[in-house]
Amino acid sequence: MRIVGMVVLVAPLLLTEMAHGQGKSAPNDAKLYFISPMDGQKIKSGFWARFGLRNMGVTHAGDDYANSGHHHLLVDVDEPVDPKEPIPQDKSHLHFGAGQTETYLELPPGRHTLQLVLGDAKHYPFDPPVVSDKITIRVGEEAIKRRRWRRPH
């Protein structure tokens with residue numbers, strides 16, 4: 001009887017904790033941005049994407065520190081993330097749960113959009129969402145050919 005009483009008391013606490021994992025607040029002056037590449041940049045197929053964050057900290061997924069989270073990179077995603085759902089994990093929603101602030105990307109030739117979203121310990125977006133501006137890059141042979149030029153002899 002005593003164990004059952006403890007379970008009854010613990011279960012509501014677990015449900016309350018799960019509800020607070022969503023929509024964690026973020027400072028209003030938090031800023032998420034790309035260090036590189038730059039919006040409109042034409043680049044070769046392999047490149048480094050570097051992430052910047054101001055007024056918050058970067059930590060591992062699962063670490064529930066105040067004013068901190070981890071990066072998620074959205075590649076060619078048109079729809080915004082749902083603030084009531086964890087950020088998906090697939091080929092278009094890349095997770096950096098080890099606290100990484102950069103990654104080497106190889107994208108197929110063509111036009112691509114990139115956007116960063118900061119997620120909390122459980123991969124939920126913050127409230128208000130901490131997202132970068134969406135940038136557009138062009139990847140491929142055309143970008144490489146335009147950079148090549150020859151110095152006159």
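Higher on the page you've got the structure.
Residues numbered from 1 in each chain as written. Predicted model: local features only at pLDDT ≥ 70, side-chain atom pairs only at ≥ 80, totals over all residues. Heavy atoms only, no water.

Help me understand the pattern of salt bridges, please; the structure alone is not making it clear to me.
Two side chains with opposite charge may pair up if their charged atoms get near one another. Using the criterion set out here, one finds 2 salt bridges in the structure. Note that K24 is salt-bridged to D64, the shortest N-O span being 2.3 Å. Taken as a pair, K24 in the loop between helix 1 (2-20) and strand 1 (31-36) and D64 in the loop between strand 4 (57-58) and strand 5 (68-75) lie far apart in primary sequence, 40 residues in all. A salt bridge links R50 to E102; its shortest N-O distance comes to 2.9 Å. Of this pair, R50 sits in strand 3 (residues 46-54) while E102 sits in strand 7 (residues 102-106), and the two are 52 residues apart along the sequence. (Salt bridge = Lys/Arg side-chain N within 4 Å of Asp/Glu carboxyl O. Helix = DSSP H or I, 4+ residues; strand = E, 2+ residues; numbered from the N terminus.)

Just to check I follow, could you spell out the sheet that holds strand 3 for this structure?
Each strand in a sheet pairs with its neighbour through backbone hydrogen bonds, running either in the same direction (parallel) or in the opposite one (antiparallel). Within the open sheet, the 3 strands sit side by side as 1-3-7. Their pairing is antiparallel. Taken across any chain shown, the strands that pair with only one partner, and hence form the sheet edges, are strand 1 and strand 7. On average, adjacent strands in this sheet sit at an angle of 30° to one another, irrespective of strand direction. (Pairing = 2+ DSSP bridges. Axes fitted to C-alpha atoms, helices over the stretch in contact; angles between N-to-C directions.)

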